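Each chain, letter by letter, is given below.
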Amino acid sequence: MNERIVMDNTGFDTKCVHSGGYADDVTGGVATPIFRSTSHRIMGGAVRYPRYFNVPTERAAAEKIRLLEHGGAAVVLGSGMAAITTVLFAMLRRGDHTVMQNDIYGGTFNFVISEFAGLGIEYTFVRGESIGEFEAALRPNTKLVYFETPSNPLLNIVDIRAMADMAKKRGILTVMDGTFATPVNQTPLDYGMDIVVHSGTKYLNGHSDVLCGAIVTSDELMKKILPYAINHGGVLDAMGCWLLERGLKTLGLRMKRHNENALKIAEFLKDHKMVKRVYYPGLKSHPGYKIAKSQMRGFGGVVSFELDCDLKTARKIVDRFKYVTPAVSLGGVESLVCFPAETSHAKMPKQEREKVGISDTLLRLSVGIEDAEDLINDMESAFKI
Ligand SMILES: *Cc1c(COP(=O)(O)O)cnc(C)c1O
């Protein structure tokens, strides 16, 4: 069995297709075999066990993600939350303090507010519209800064390089959730981030059929994180790893289409009379446009917009979509839509929610890879209510 070696100077899509995988010596098959064994003959003293992140099907997916993210080391886990909690547990101790952006993924937010106090870990949430806001929240015991860009659901943009510079000066660790952008659009380690986490459930796998996550960082930091990953046991099984590696082969192609479609739809929505406001970092009117343009190669597949009607009408409109399914999650080939006020941000008090811009009629659209014209026609007719 031979690991495929892909040169650093090859293009992104060549890496998507060829890196990480193993050629099958038995049949000559071009796809990585699914290695299901949990027990392996001990060879040269080396112990292989799936929970040690050292079996080939997991390695294949992790290596692809590592290369695409320009990292030194990567592991694949059983969910995005497994990746996030593993990193935070590995890096934070009793008495430490962390500064976090407040519109991070709802699951991460809940994890912090429900578990950190009991662990003796201090935290401060900031709106996070400027690096200065993060900086002002630092304390002498701050160990880690955590954020997402673009964020959910308003696609706020954080200047990654400025964040890295600010934190590095003080020896503070930076962790970024890179789920929305993917390495197609943005490679945060290149800008000085220490650790990137992913919900691979979204774009990396891309087909809404595997729950998975990933951690990408330097070799040195992975040495600290890996024992926690092994202890906590949040691994992804062989079939999931295999599906993820397969999904990653088309990541470049899919994201290109997600980017194109989302921009077209954002332009369409921007000019529509049923729409009060559109949030998409690829629109010049977005407050983060300039920074997004400087650090992103594409603006991603999520567009949020506020309908100019009451909630009842908004619900009717969503029910009239033919090709856009009301559902949580994002990043799959099919278009999905949800009301963040009822899903990801349901636990946030209404007043606070509205203050940050998440009104009852805000919709988060995960634009799929269908033909943009069909999606636009679909929405146009649903709006004629
Ligand atoms: C979905 C999501 C997560 C959580 O990932 P799971 O795979 O559902 O555990 C974390 N961060 C972001 C930005 C997400 O969209």
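Preceding this paragraph is the structure being described.
Residues numbered from 1 in each chain as written. Predicted model: local features only at pLDDT ≥ 70, side-chain atom pairs only at ≥ 80, totals over all residues. Heavy atoms only, no water.

**Student:** So, the overall build of the protein chain: which residues are in play, and what are the values?
**Tutor:** Scanning the protein chain from N- to C-terminus turns up 14 helices and 14 strands. Compactness check: the protein chain gives a C-alpha radius of gyration of 21 Å against a globular reference of 21 Å for 385 residues, within 12% of the reference. Overall, the protein chain is about 70 × 55 × 35 Å in size when its C-alpha atoms are taken along their principal axes. The 385 residues of the protein chain split such that 56% are buried. Carbon and sulfur atoms form 53% of the exposed surface of the protein chain, whose accessible area is close to 16500 Å². The average position of the 46 basic charges and that of the 44 acidic charges among the side chains of the protein chain differ by 1 Å. (Helix = DSSP H or I, 4+ residues; strand = E, 2+ residues; numbered from the N terminus. Rg over C-alpha atoms; globule rule 2.2 N^0.38 Å. Buried < 20%, exposed > 50% of the residue type's maximum accessible area, 1.4 Å probe, protein only. Areas by Shrake-Rupley, 256 points an atom, 1.4 Å probe, with all protein chains shown as cover. Lys, Arg positive; Asp, Glu negative; His and termini not counted. Charge placed at Lys NZ, Arg CZ, Asp CG, Glu CD.)

**Student:** Before we move on, could you go through the nonpolar core and cite the residues and values that matter?
**Tutor:** If you look at the biggest cluster of nonpolar residues, it comprises 52 residues, and the most contacted ones within it are Ile65, Val76, Phe134, Met163, Met193, Leu244 and Leu251. For this core, the secondary-structure elements that each account for two or more residues are α2 (56–68), β3 (73–77), α5 (131–136), β6 (142–148), α6 (160–169), β9 (213–217), α9 (238–248) and α10 (251–270). Not counting chain neighbours up to four residues away, the residues in contact with Leu244 comprise Ala61, Ile65, Val76, Leu204, Asn205 and Cys212. (Core = buried A, V, L, I, M, F, W, Y, C linked by side-chain atoms within 4.5 Å. Contact = heavy atoms within 4.5 Å.)

**Student:** Go over the sheet that holds β6, please, and point to the residues and values.
**Tutor:** An order of β3-β9-β8-β7-β6-β4-β5 is seen for the seven strands of this open sheet, with the pairing classed as mixed. Either end of the sheet is taken by a strand with one partner, and the two such strands are β3 and β5 (122–126). Ignoring strand direction, the axes of neighbouring strands in this sheet form an average angle of 15°. In terms of strand pairing, strand β8 (residues 195–199) meets β9 through five bridges, oriented antiparallel. Following the sheet pairing, Val197 is matched in β9 by Ile215. Of the strands in this sheet, β3 and β9 touch α2, which is tilted by about 125° from β3. Across the sheet, helix α4 (residues 106–119) is in contact with β4 (97–101), β5 and β6; its angle to β5 comes to roughly 145°. (Pairing = 2+ DSSP bridges. Axes fitted to C-alpha atoms, helices over the stretch in contact; angles between N-to-C directions.)

**Student:** Before we move on, could you go through the sheet that holds strand β14 (residues 362–366) and cite the residues and values that matter?
**Tutor:** In a beta sheet, neighbouring strands pair by backbone hydrogen bonds and run either parallel or antiparallel. Here five strands make up an open sheet; going across it, the order is β10-β11-β14-β13-β12 and the pairing mixed. What marks the edges here is a single partner per strand, and that holds for β10 (275–279) and β12 (324–326). Direction aside, neighbouring strands of the sheet carry axes that sit 25° apart on average. Examined bridge by bridge, strand β11 (residues 302–307) and β14 share five bridges and lie antiparallel to one another.

**Student:** So what about α6? Which residues, and what values?
**Tutor:** Given 3.6 residues to a turn, an α-helix orients residues that are three or four positions apart in the same direction. Taken together, the buried positions of α6 are Ile160, Met163, Ala164, Met166 and Ala167. Down the axis of α6, the sector holding all buried residues measures 165°, keeping them to one side. Where the residues of α6 are buried, they touch α5, β6, β7 (173–177) and α11 (289–295). Sitting at the head of α6, Asp159 places a side-chain oxygen 3.3 Å from the backbone nitrogen of Arg161. Of the residues one or two after α6, Gly171 is the one with positive phi, at around 70°. (Arc of directions from axis to C-beta. Polar contact = N/O pair within 3.5 Å; in protein donor to acceptor, adjacent residues only side chain to side chain.)

**Student:** Can you lay out the pairing of β4 for me, pointing to particular residues and giving the numbers?
**Tutor:** Extensive coverage of β4 is indicated by the burial of five of its five residues. Here β4 shows no split at all, with His97, Val99 and Gln101 on one side and Thr98 and Met100 on the other all buried. Inspection of the sheet shows β4 paired to β5 by five bridges, in the parallel sense. If you follow Thr98 over to β5, its bridge partner there is Tyr123.

**Student:** Please provide a residue-by-residue account of the pairing of β6, values included.
**Tutor:** Among the seven residues of β6, six are classified as buried, and the element is accordingly described as predominantly covered. Bridge count between β4 and β6: four bridges; the pairing is parallel. Counted as the bridge partner of His97 is Thr142 from β6. For β6 and β7, the ladder comprises five bridges, and the chain directions are parallel. Its bridge partner lying in β7, Phe147 is registered against Met176. The parallel pair β6 and β7, bridged by α6, forms a crossover whose chirality is right-handed. (Right-handed = clockwise from strand over helix to strand, strands pointing away.)

**Student:** Give a description of the packing of aromatic side chains that names residues and reports values.
**Tutor:** Summed over all chains, the structure comprises eleven aromatic pairs. Arranged with centres 6.4 Å apart and planes meeting at 75°, the rings of Tyr280 and Phe299 form a pair that is edge-to-face. Of the two residues, Tyr280 sits in the loop between β10 and α11 while Phe299 sits in the loop between α11 and β11, which places them 19 residues apart along the sequence. Across the pair, Phe299 and Tyr280 agree in class, each one buried. The interplanar angle of 70° and the centroid separation of 6.5 Å between the aromatic rings of Phe321 and Phe383 together place this pair among those described as edge-to-face. Residue Phe321 is located in the loop between α12 (311–320) and β12, and its partner Phe383 is located in helix α14 (residues 372–383); the two are separated by 62 residues in the primary sequence. Note on Phe321: relative accessible area 7%, which makes it buried. Overall, Phe383 belongs to the buried group, its relative accessible area being 3%. Linked through ring pairs, Phe89, Phe109, Phe111, Phe116, Tyr123 and Phe125 together constitute an aromatic cluster. (Phe/Tyr/Trp six-rings, centres within 6.5 Å; stacked < 30°, edge-to-face > 60°.)

**Student:** Residue-level account of the site of the ligand, with values.
**Tutor:** Close to the ligand lie 14 residues; Gly80, Asp177, Ser199, Thr201 and Lys202 are nearest. Between a nitrogen atom of the ligand and a side-chain N or O atom of Asp177, the distance comes to 2.6 Å. At a separation of 2.6 Å, an oxygen atom of the ligand approaches a polar side-chain atom of Thr201. Considering the ligand on its own, with 380 Å² of exposed area, one finds that the protein chains cover 93% of that surface. Among the elements that line the shell around the ligand, the one with the most residues is helix α3 (residues 80–91), at three residues. Its residues assigned to classes, the shell around the ligand shows six nonpolar, five polar and three charged. (Near = heavy atom within 4 Å. Nonpolar A, V, L, I, M, F, W, Y, C, P; charged D, E, K, R; others polar.)

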